[in-house]
Amino acid sequence: MEEVSRLRVLLDNISSYLSISSSTDKLSSNPAHKYYSRGEEIAKLLMPFLDNLVASDASPNEFLNNGFEELSQYIDELREQFESWQPLSSRIFYVLRIESLASKMRESSLEIFQLLKHLPGDLVSEDCIELVKLVGREEVSYTIDRALIDQRKGVELTPEVLLKIAESVGLRSNQDILIEGVVLTNLKEDAKLVKNNIKAGFIKGLMYLTKQMHDYLAKIEQSQLPSDFFCPLSLQLMTDPVTVASGQTYERAFIEKWFDTGLMVCPKTRQALSQTTLTPNFTVKAFIANWCESNNVNPPDPLELIQSNQPFPLLVGSGSRGSLPLPVMDDTLKCNHTESVDASKCEELHQVLTRSASAPGIVSKVVSKANRSILQAPVETVPQPCIIPATIKETGSSSNMEAEETGGSSSMEVEVKKLIQDLKSSSLDAQREATAQLRLLTKDIPDNRTVIARCGAIAALVNKLYSMDKMIQADAVTCLLNLSLDDSNKTVIAYSGVFKPLVHVLKTGNMEAKENSTRALVSLSKAEENRTKMLEAGAIEPLVRLMGNGSPRGKKDAATALTNLATRNKEKEMVIRGGGVRYLIQMMNPAAGTVERAVVVLANLANVPEAKIAIRDGGGIPLLVEVVELGSPRGQENAAAALCLLCMDSSRFCNTVIREGAIPPLVALTRSGTARAKEKAKSLLKYFEALKQENQRRS
């Protein structure tokens with residue numbers, strides 16, 4: 001049963017991933033959309049074989065089941081990354097993270113195909129494996145690695161290299177480049193805040209890459225015109241110049257568009273702005289008008305420029321001009337050009353960069369740098385590389401960087417051990433400050449998580465889950481959630497006796513603490529022994545309550561946790577007795593954004609007689625029929641699966657479903673649905689046909 005469950009979870013996750021393609025507008029604007037297409041190719045190759053495996057009598061072995069679970073995790077993470085993309089996050093880090101996950105998905109799929117070959121029934125041919133191998137593996141991470149190494153060695157970057165990086169990470173306009181620069185500036189500040197000089201040095205290299213792109217664009221556009229007359233955003237002559245609080249002048253339409261994105265920062269100086277008042281610059285406007293009249297030049301219409309949204313021409317004229325000399329680095333962006341990098345280091349650099357972790361967005365940090373506002377922000381899903389190559393160092397601080405590589409973590413360990421002692425202090429203020437600092441340290445940087453766990457912080461944080469102080473409790477559970485994102489910490493956390501304290505937080509904490517406790521349970525529930533401990537700790541009851549009164553994100557996480565925990569009828573009945581079906585039906589309101597997750601859980605519960613009655617009496621059947629008709633591919637699959645279980649061996653339920661108008665959308669699903677959806681729809685129609693024949697015989 002557990003094996004089938006893992007396989008079905010994998011099929012659900014594949015269907016959910018494939019459903020992203022229905023949001024074509026959102027996907028086309030995603031800087032990593034080409035990686036989605038590659039994943040889609042692999043997923044479509046896998047689906048029929050997995051469907052056949054479900055229908056066959058073949059029994060997956062332990063290695064195959066582990067492969068299902070691993071691939072399911074990679075696909076689900078990819079889906080979450082594609083769905084959570086935010087324009088005001090680092091495009092470079094986002095694409096690097098997607099690329100890493102896509103590579104893992106490809107390798108995991110190959111392993112599964114190889115294992116399927118050994119099952120009876122000739123489920124897989126060698127051709128399928130070759131098709132997966134043919135799926136593209138172009139890696140922008142390697143291009144960025146080489147560019148940073150060349151930059152360090154003083155090698156000029158050609159326009160072609162800059163264009164390749166820009167196109168690969170979705171920097172299609174000068175505004176995109178400037179936004180990326182602002183994001184990187186804030187990420188660099190965060191790295192310095194936690195004294196991660198290696199990471200700060202790496203980000204500085206990326207900042208210089210974006211600066212080269214901007215400078216090259218500016219040089220192309222402004223080669224024969226006065227530079228002071230150009231808007232730094234549009235790179236065109238200004239017609240309505242206005243000055244912002246930093247003293248810089250921009251074209252009104254372009255700076256208004258910049259502010260409309262939510263960025264309260266000067267694009268050129270990256271200075272945070274307290275207000276967005278625009279002051280007309282009549283002096284510059286008069287100079288531009290005089291110059292245009294003297295030179296018979298008509299300035300462009302800024303609104304037309306904004307609407308055209310043309311990609312920047314990094315290669316315009318490159319054939320005739322040759323490579324453009326790189327601009328001189330300023331003192332803050334100089335690189336040490338003396339150290340060479342051999343091929344082995346380059347390969348090591350490439351491997352290191354594919355590892356990744358979460359990184360925050362930008363807007364809230366630009367508006368406010370208060371530590372507490374950063375701490376209260378939820379763990380973000382927009383990612384960045386976690387370990388910065390040791391081959392990339394800052395000029396003027398190489399000794400510090402070398403100390404960081406060889407033994408620099410000792411200073412971090414001293415700081416962490418001091419914070420652990422403060423956790424044990426009798427002073428609530430000291431405990432609050434310690435949990436807040438640990439929360440900040442675990443938020444973004446995986447290296448910190450490793451050091452913090454090694455220093456023994458986990459046991460102290462678990463103890464704080466029983467704190468009567470809600471702030472301490474919330475920060476402690478969030479620290480444990482962040483630490484659990486590192487796979488190497490999961491076992492330590494699980495063996496620390498964390499499950500009863502996490503359930504205690506679910507029962508007694510504030511809403512933030514409850515929701516992060518739930519996310520921690522989800523993170524730790526991938527191991528079967530952990531699920532058993534969660535059940536013994538009594539996790540189901542408070543998870544059901546959270547599904548009823550949490551935020552939309554909290555409800556979805558609670559539903560995910562219950563899907564992982566309620567695999568046997570005993571646990572399913574506990575969910576039903578706690579009112580879970582009622583809450584799930586409430587979650588099927590499309591405005592709440594929780595329909596898909598609710599339908600997954602209902603499909604999981606629908607084989608239990610009590611659940612069938614609760615779904616019918618709670619008005620769930622018409623909602624399931626509506627999802628079959630109008631839902632996403634994944635929603636349609638699970639809604640059809642739930643209806644199939646309801647109608648199996650029950651003429652009463654068949655009649656109810658027919659009365660709700662299910663037949664037309666089910667017929668449509670047999671033609672256009674996914675493989676699993678078609679199978680369920682056909683089964684339902686067979687039930688209805690058998691019922692019709694039985695009624696005819698009786699009459």
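(A) Structural view of the overall build of the protein. The number of helices and strands found in the protein is 38 helices and five strands. Long-range contacts, defined here as pairs at least 24 residues apart, represent 73% of the contacts in the protein between residues at least 6 apart. Here the protein has roughly 30,400 Å² of accessible surface; of this, 50% comes from carbon and sulfur atoms.

(B) Expanded view of the confidence of the model for the protein. Of the residues in the protein, 81% reach a pLDDT of 70 or more, and the chain-wide mean stands at 78. Least confident of the elements in the protein is helix H16 (residues 363–367), whose mean pLDDT is 31; most confident is helix H25 (residues 499–508), at 94. Every residue in residues 311–409 scores below 50 in pLDDT, and together they form 218 contacts with partners more than four places removed in sequence or on other chains.

(C) Representation of the packing of aromatic side chains. Scanning the model with the defined rule gives seven aromatic pairs in all. Plain terms: the ring middles of Tyr17 and Phe82 are 6.2 Å apart, the flat faces sit at 65 degrees to each other, and that makes the pair edge-to-face. With Tyr17 in helix H1 (residues 2–18) and Phe82 in helix H4 (residues 62–83), the pair connects residues that are 65 residues apart, well separated along the chain. Note on Tyr17: relative accessible area 0%, which makes it buried. Centroid distance Phe49 to Phe113: 5.6 Å. Interplanar angle 85 degrees. Geometry classified as edge-to-face. Within this pair, whereas Phe49 is found in helix H3 (residues 33–55), its partner Phe113 is found in helix H5 (residues 91–116), the two being separated by 64 residues in sequence. Of the two residues, Phe49 and Phe113, neither departs from the other in class, the shared state being buried. Three or more aromatic residues link up through ring pairs in this structure, and these residues are Tyr17, Tyr36 and Phe82.

(D) Main features of the environment of Ala453. Of note, Ala453 is situated in helix H21 (residues 446–454). Considering only alpha carbons, one finds Ala453 and Thr442, eleven residues apart in sequence, at a separation of 9.9 Å. Setting aside anything within four residues of it in sequence, one finds Ala453 in contact with Ile458 and Asn489.

(E) The arrangement of the pattern of salt bridges in detail. Using the criterion set out here, one finds 26 salt bridges in the structure. Measuring nitrogen to oxygen at the nearest pair gives 2.7 Å for the salt bridge that ties Arg439 to Asp475. Note that Arg439 is positioned in helix H20 (residues 428–444) and Asp475 in helix H23 (residues 470–484), a separation of 36 residues in sequence. By relative accessible area, which is 3% here, Arg439 ends up buried.

(F) Looking closely at helix H34 (residues 620–630). Those residues of H34 lying buried are Gly620, Ile621, Leu624, Val625, Val627 and Val628. Seen from one end, H34 has its buried residues packed into an arc of 155 degrees, which puts them on one side. For H34, the secondary structure elements touched by its buried residues are helix H31 (580–586), helix H32 (595–605), helix H33 (609–617), helix H35 (633–647), helix H36 (651–659) and helix H37 (663–672).

(G) Main features of unusual backbone geometry. Look at Leu235: it is not a glycine, yet its phi comes out positive at around 60 degrees. Mapped onto the secondary structure, Leu235 falls in the loop between helix H10 (197–221) and strand S1 (241–243). Residue classification places Leu235 among the buried positions, given a relative accessible area of 4%. Phi is positive for Arg270, close to 60 degrees, though the residue is something other than glycine. Along the chain, Arg270 turns up in the loop between helix H11 (252–260) and strand S3 (279–280). In this structure Arg270 comes out as partly exposed when scored by relative accessible area, which is 29%.

(H) Summary view of the sheet that holds strand S2 (residues 249–251). Read across the sheet, three strands follow the order S2-S1-S3 without closing on themselves; strand pairing throughout is antiparallel. Since the sheet does not close on itself, it has two edges, and those belong to S2 and S3, each with one partner. Two elements, S1 and S3, share two bridges in a ladder whose sense is antiparallel. Paired with Thr243 across the strands is Thr279, a residue of S3.

(I) Representation of the side chain of Thr185. You can see Thr185 is positioned in helix H9 (residues 174–193). Only 2.8 Å separates the side chain of Thr185 from the backbone oxygen of Gly181, close enough to count as a polar contact.

(J) Spotlight on the packing of H5 against H9. H9 packs onto H5 with a crossing angle of 85 degrees between their chain directions and a minimal axis gap of 9 Å. What the angle tells us is that H5 and H9 run roughly perpendicular. Of H9, the residues touching H5 (which contributes Arg91, Ile92 and Phe93) are Asp176, Glu180, Leu184 and Leu187. For the contact of H5 with H9, the per-class residue count stands at four nonpolar, no polar and three charged.

(K) Broad picture of the nonpolar core. Counting 97 residues, the largest nonpolar core has Leu461, Val498, Leu543, Leu624 and Leu643 as its most contacted members. For this core, the element with the highest residue contribution is H35, accounting for eight residues. If sequence neighbours within four positions are ignored, Leu643 has contacts with Ile621, Leu624, Val625, Val628, Val657 and Leu684. Counting residues in each nonpolar core, the second largest holds 92 residues, with Leu148, Leu187, Phe254 and Cys266 among its members.

Rules and cut-offs
Residues numbered from 1 in each chain as written. Predicted model: local features only at pLDDT ≥ 70, side-chain atom pairs only at ≥ 80, totals over all residues. Heavy atoms only, no water. Helix = DSSP H or I, 4+ residues; strand = E, 2+ residues; numbered from the N terminus. Contact = heavy atoms within 4.5 Å. Areas by Shrake-Rupley, 256 points an atom, 1.4 Å probe, with all protein chains shown as cover. pLDDT = per-residue confidence, 0-100. Phe/Tyr/Trp six-rings, centres within 6.5 Å; stacked < 30°, edge-to-face > 60°. Buried < 20%, exposed > 50% of the residue type's maximum accessible area, 1.4 Å probe, protein only. Salt bridge = Lys/Arg side-chain N within 4 Å of Asp/Glu carboxyl O. Arc of directions from axis to C-beta. Pairing = 2+ DSSP bridges. Polar contact = N/O pair within 3.5 Å; in protein donor to acceptor, adjacent residues only side chain to side chain. Axes fitted to C-alpha atoms, helices over the stretch in contact; angles between N-to-C directions. Parallel < 35°, antiparallel > 145°, perpendicular 65-115°, else oblique. Nonpolar A, V, L, I, M, F, W, Y, C, P; charged D, E, K, R; others polar. Core = buried A, V, L, I, M, F, W, Y, C linked by side-chain atoms within 4.5 Å.

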